[in-house]
Amino acid sequence: APSTCGSTGRSRSRTRRTIEITSYAEVVLAPAISDTLHPSFSKLFVQTEVLEQPPVILATRRPRSAEEQPPWMFHLMAVHGADSLDVSYETDRSAFIGRGRTVAAPRAMTEAGRLSGSEGSVLDPIVAIRHRVTLDPQQTATIDIVSGMADTREAALVLVGKYQDRRLADRVFDLAWT
């Protein structure tokens, strides 16, 4: 089942506003015991991929043997009811947080602009998506952030397609409340 987060907001301003919305999650893709015993080693096998259309980050583990079928993770941010001027991505935790900083005050949140767009094999994988959104006075917009798992890349992309649809996403959020 996907992990979902949704938020609806209204601009109360009398002028047009441009805001940046950024998601962030750390990627493990390993059994909890493996991550607990050897977190750095476990993260070395994660491979990330950024897709522009639809805007999503995919992550999987490189298999350790020919028999292993690693799962696929997807992370997306869908903007409904507003214009998204720019989308950028980050999959490298050190680039997002910055040297000498912590997740309490990461560089990516104190410096406006695009995320680096890194992908592939990184030492400490994350998934972060940033949208620049413009809101007119009194305009309402909904932002859906969805992370989920699938057995294959193709199955993950099918789920991504479903969760880009606003009606289906609204239904998922309704079910999550119950």
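Criteria and cut-off values
- Residues numbered from 1 in each chain as written.
- Predicted model: local features only at pLDDT ≥ 70, side-chain atom pairs only at ≥ 80, totals over all residues.
- Heavy atoms only, no water.
- Phe/Tyr/Trp six-rings, centres within 6.5 Å; stacked < 30°, edge-to-face > 60°.
- Helix = DSSP H or I, 4+ residues; strand = E, 2+ residues; numbered from the N terminus.
- Buried < 20%, exposed > 50% of the residue type's maximum accessible area, 1.4 Å probe, protein only.
- Salt bridge = Lys/Arg side-chain N within 4 Å of Asp/Glu carboxyl O.
- Patch = residues over 30% accessible without salt bridge, like charges linked within 9 Å, V, L, I, M, F, W, Y side chains within 5 Å.
- Areas by Shrake-Rupley, 256 points an atom, 1.4 Å probe, with all protein chains shown as cover.
- Contact = heavy atoms within 4.5 Å.
- Polar contact = N/O pair within 3.5 Å; in protein donor to acceptor, adjacent residues only side chain to side chain.
- pLDDT = per-residue confidence, 0-100.

Caption draft 1: Molecular detail of the packing of aromatic side chains. Within this structure, the stated rule accounts for 2 aromatic pairs. Ring geometry for F74 against Y163: centres 6.3 Å apart, planes inclined by 20°, an arrangement best described as stacked. Residue F74 is found in strand β6 (residues 72-80), and its partner Y163 is found in helix α5 (residues 153-164); the two are separated by 89 residues along the sequence. When its relative accessible area of 0% is taken as the criterion, F74 is described as buried.

Caption draft 2: Summary view of the pattern of salt bridges. Under the definition given, this model contains 8 salt bridges. Between E26 and R93 there is a salt bridge, with the nearest N and O atoms lying 3.1 Å from each other. Residue E26 is found in strand β3 (residues 25-26), and its partner R93 is found in helix α3 (residues 93-97); the two are separated by 67 residues along the sequence. Take E26: its relative accessible area is 42%, and that puts it in the partly exposed class. The residue D124 makes a salt bridge to R93 at a minimum N-O spacing of 3.8 Å. Remark: R93 occurs in helix α3 and D124 occurs in the loop between β8 (120-121) and β9 (125-135); sequence separation between them is 31 residues. Overlapping salt bridges bring together E26, R93 and D124 as one network.

Caption draft 3: Geometry of a nonpolar patch on the surface. On the surface, F41, L44 and L123 cluster together to form a nonpolar patch covering roughly 320 Å² of accessible area. Residue position: F41 is located in helix α2 (residues 39-43). Of the residues examined, F41 reaches a relative accessible area of 43% and is grouped as partly exposed.

Caption draft 4: Focus on the environment of T22. Within the secondary structure, T22 sits in strand β2 (residues 17-22). Under the relative-accessibility criterion, T22 is labelled partly exposed at 22%. Taking the C-alpha atoms as reference points, T22 and S88, separated by 66 residues in sequence, lie 9.2 Å from one another. Apart from residues no more than four positions distant in its own chain, T22 is found in contact with M77, F96, M109, L115, I129 and R130. Engagement of the side chain of T22 in a polar contact is seen with the side chain of R130, the distance being 2.7 Å.

Caption draft 5: Spatial organisation of the confidence of the model for the protein chain. Per-residue confidence for the protein chain gives a mean pLDDT of 85; residues scoring 70 or more make up 92%. No element of the protein chain has a lower mean pLDDT than strand β1 (residues 3-10), which averages 57, and none a higher one than strand β5 (residues 56-61), which averages 95.

Caption draft 6: Up close: the side chain of T48. Mapped onto the secondary structure, T48 falls in strand β4 (residues 46-51). For T48, a relative accessible area of 4% gives the class buried. In terms of polar contacts, T48 uses its side chain to reach the side chain of T91, at 3.0 Å. Non-local contacts of T48, meaning those with residues more than four positions away in its chain, are made with L58, A59, T91, E119, G120 and P125.

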